[in-house]
Structure formats: structure tokens, C-alpha cells
Amino acid sequence: MKKLDITVVGVPLDFGQSRRGVDMGPSAIRYAGAIKRLEAIGHTLKDEGDIQVSAIERSHREDTNLKNLEEVVSATTELAEKVAAIIEKGEFPLVLGGDHSIAIGTIAGLASKYKNLGVIWYDAHADMNTAETSPSGNIHGMPLAVTMGLGHERLVNIYKDGQKVKPENIVIIGARSVDPGERKLIKEKGVKVFSMHEIDRDGMTVVMNEAIAYLQSKDLDGVHLSLDLDGLDPIYTPGVGTPVQGGISYRESHLAMEMLEDAGIITSAEFVEVNPILDEKNKTGEVAVELMGSLFGEKLL
Ligand SMILES: NC(=[NH2+])NCCC[C@H](N)C(=O)O
Ligand SMILES: [Mn+2]
Ligand SMILES: [Mn+2]
């Protein structure tokens, strides 16, 4: 395993959805021992603490179907600047959420360096709604559409105008709750999806081999892993705001992380949607840290 200079940034943002508590995700993940765990593998860790999240309105503006738009724009803009500065120094950004809307900022920052970025979206959801298709108005259900350049211009133009990632460079793993508008976009844009159906039918080994080979065929200059803890089954990660039954298992998830580490393709990562208020004794924060272990090169033997 290559030894990395990993820089950790926490984003205590809960404005991308409607349940309180996910703003405490970064603390829960740190408390579960993230920093020490990765240092023990031999990496050099720097924790930059949390970015400032300010409450501007916390109101659902019915005219836009975008809850707390101002707060999300301000936090993700700050995050994008931070991430851009981290990669500028040659360090590996590891972002701790916070709800999944933070990916808008992470990926915007990455796009300052990576001109042909790939994204692995490990999630029960596609997060490809726009204000027009969203059933909830929650921006955490929209980040993948935004990175493709679709959605409200305030979100699409964060840090740098327009599309950050090409749709054909995106792979979704674990999907099992997809809204009608998202289904349409997936087909229209040619986003690669390995849903629970493929995981059940072919097994995680085949799915990950195919996902990795697919990305390796794209001539990418970086691959970002955006891991929503609700990608796993809620029996393993109960501390999430939008749990969906029938998810990826704990073992399958470790295998997926190990295969990514073996392939050596991941250049940045984020772990999101950990909500300690909904959790059982920080189980979900602990799973996040365990998966980080595998992603960053821990071996059983
Ligand atoms: N990052 C997440 N947990 N997203 C859940 C999104 C749920 C639903 N598709 C929505 O748009 O509201
Ligand atoms: Mn999700
Ligand atoms: Mn998500």
C-alpha cells in the first residue's frame, strides 16, 4: 500500500435533508477512531477540523423545492475551496459528513484539478433528483445530478461553472430506491448502475471487478469514492436518515473497499449520512471507520 498524506475535513451540515443530527456525523466518525486507525496503517494524517456551517434561513422555500438552498450553497462553496487547497498540496482529501449534499462541494473542489474525474457512488439512492423531480425538496437527494451539471444554477455553478463529472464516468453501487425522474436520467445520460439486483445475482466480486474495469477504460485522472452509509443494510448502519431495507452487507462492503484498494484507483473519499442521534451506540460511525481501514490498506493477514 502506498503511504498517503491524508487530510481530513469534517462538514457538520444537516441542511441537505430534514432530520436533525447528521451534523454530528464528523464527531461520531472521529470518536470511532478514524485518525488513529489510518495512522496505524502507516499513513500520515492531518485533521483540519470542521468547516463552518452557518444557518441563514432554514426554511423550505416552496417556490424552489430546494430546502435551505443558501446554507447548502455556502457550506459546499467553503468545502470546495478546502478540497482544492488539499489536492493542490498533493494530499489525499478525506471528507466526513454531514448529509450527502456535501458531495456537491467535494466534487467541485476536485474538479479544479481532475479534468476527467470518475466517481463511485456507494448508496441505496441515486441522488440524481433536481428541484423539478425531487419528491422531498431535500438537496441531499440531488448531488449527483448537480455534478453532471443538472439542477439549480446556484448549485451547478459552485466553485467553477457547470458540469464537474461526465455522466459516463459515474458508477452507482447498491441502488435500491430510485425515483421516477432519476430512473429517466440514468437511462438518458448513460450512468452505470450496479443495483442490488446485480449484487444479488452476480456477487460483489463480479460487480466490483466490472465497476473497476469500467472506470479503468475511461482514461480518468482520478476517482472519487462517495460512500453513503445507507448503501449498507440498516441492520449494519442504523444511524442514517433515509434507511432502505435489503442493502449491501457488512462483509460485501469490506470486500468492495479491499478491491478498490487493490486496484489503487481511489484518489479522494467521503463518508456521509452518519447520524448519531438515530444510531445505536455509534455503530454506524464505527462501520464507517472500519470500512476506511479496508479502503486504506488494512489487511486481515
Ligand atoms: N443522500 C441520501 N440519503 N439521499 C436520499 C434521497 C431520497 C429521495 N430520493 C429524495 O430525493 O428525497
Ligand atoms: Mn442514500
Ligand atoms: Mn446519498
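The rules behind each value
Residues numbered from 1 in each chain as written. Chains lettered and ligands numbered in written order. Predicted model: local features only at pLDDT ≥ 70, side-chain atom pairs only at ≥ 80, totals over all residues. Heavy atoms only, no water. UniProt positions renumbered as here; feature names shortened; annotations may be inferred. Donors = N, O, S within 2.8 Å, 3.2 Å for Na, K, Ca; no water. Helix = DSSP H or I, 4+ residues; strand = E, 2+ residues; numbered from the N terminus. Buried < 20%, exposed > 50% of the residue type's maximum accessible area, 1.4 Å probe, protein only. Near = heavy atom within 4 Å. Polar contact = N/O pair within 3.5 Å; in protein donor to acceptor, adjacent residues only side chain to side chain. Areas by Shrake-Rupley, 256 points an atom, 1.4 Å probe, with all protein chains shown as cover. Salt bridge = Lys/Arg side-chain N within 4 Å of Asp/Glu carboxyl O. Phe/Tyr/Trp six-rings, centres within 6.5 Å; stacked < 30°, edge-to-face > 60°.

In the annotation of an unreviewed UniProt entry, the entry for the chain reads Arginase, and the organism field reads Sporosarcina quadrami. On record in UniProt, under Catalytic activity (unreviewed entry), the comment for the chain is "L-arginine + H2O = urea + L-ornithine". Database annotation for the chain, UniProt heading Pathway (unreviewed entry): "Nitrogen metabolism; urea cycle; L-ornithine and urea from L-arginine: step 1/1."

K.L.:
Got a minute to help me understand the coordination of the manganese ion (ligand 3) in this structure?
P.N.:
Each donor-metal-donor angle in an ideal tetrahedron of four donors is 109.5 degrees, and each such angle in an ideal octahedron of six donors is either 90 or 180 degrees. Surrounding the manganese ion (ligand 3) are the protein donor atoms His100 (ND1), Asp123 (OD), Asp127 (OD) and Asp228 (OD), which sit 2.0 to 2.2 Å from the metal. Between the manganese ion (ligand 3) and the manganese ion (ligand 2) the interatomic distance comes to 3.1 Å, and Asp123 is a ligand of both metals. Separated by 27 residues along the polypeptide, His100 in the loop between strand S3 (92-97) and helix H4 (103-110) and Asp127 in the loop between strand S4 (117-122) and helix H5 (143-147) bring together distant segments of the chain. We classify His100 as buried; its relative accessible area is 0%.

K.L.:
Before we go on, may I ask you to explain the site of ligand 1 in this structure?
P.N.:
Among the 13 residues in the neighbourhood of ligand 1, the closest are listed as Asp127, Asn129, Ser136, Asp179 and Thr242. Contact between ligand 1 and Asp230: a nitrogen atom at 3.1 Å from a side-chain N or O atom of the residue. For ligand 1, the protein covers 93% of the area, taking 350 Å² as the surface of the free molecule.

K.L.:
How should I be thinking about the pattern of salt bridges in this particular structure?
P.N.:
If the charged atoms of two oppositely charged side chains come close together, the side chains can form a pair. Here the structure, examined in full by the defined rule, presents twelve salt bridges. Here Glu298 ties to Arg37 by a salt bridge, and the two come within 2.7 Å at their closest N and O atoms. Of the two residues, Glu298 sits in the segment after helix H11 (283-295) while Arg37 sits in helix H2 (residues 34-41), which places them 261 residues apart along the sequence. For Glu298, a relative accessible area of 25% corresponds to the partly exposed category. The exposure class assigned to Arg37 is partly exposed, which follows from its relative accessible area of 29%. A salt bridge links Lys299 to Glu261, with the nearest nitrogen and oxygen atoms 2.9 Å apart. With Lys299 in the segment after H11 and Glu261 in helix H10 (residues 250-263), the pair connects residues that are 38 residues apart, well separated along the chain. Here the salt bridges share partners, and the residues they tie into one network are Arg30, Asp47 and Asp50.

K.L.:
Which parts of the structure should I look at to understand the packing of aromatic side chains?
P.N.:
What characterises a pair of aromatic rings is the spacing of the ring centres plus the angle enclosed by the ring planes. All told, the structure shown has two aromatic pairs when counted by the stated rule. The interplanar angle of 75° and the centroid separation of 5.2 Å between the aromatic rings of Phe92 and Phe296 together place this pair among those described as edge-to-face. Here Phe92 is found in strand S3, whereas its partner Phe296 is found in the segment after H11, with 204 residues between them in sequence. Owing to a relative accessible area of 1%, Phe296 belongs among the buried residues under this scheme.

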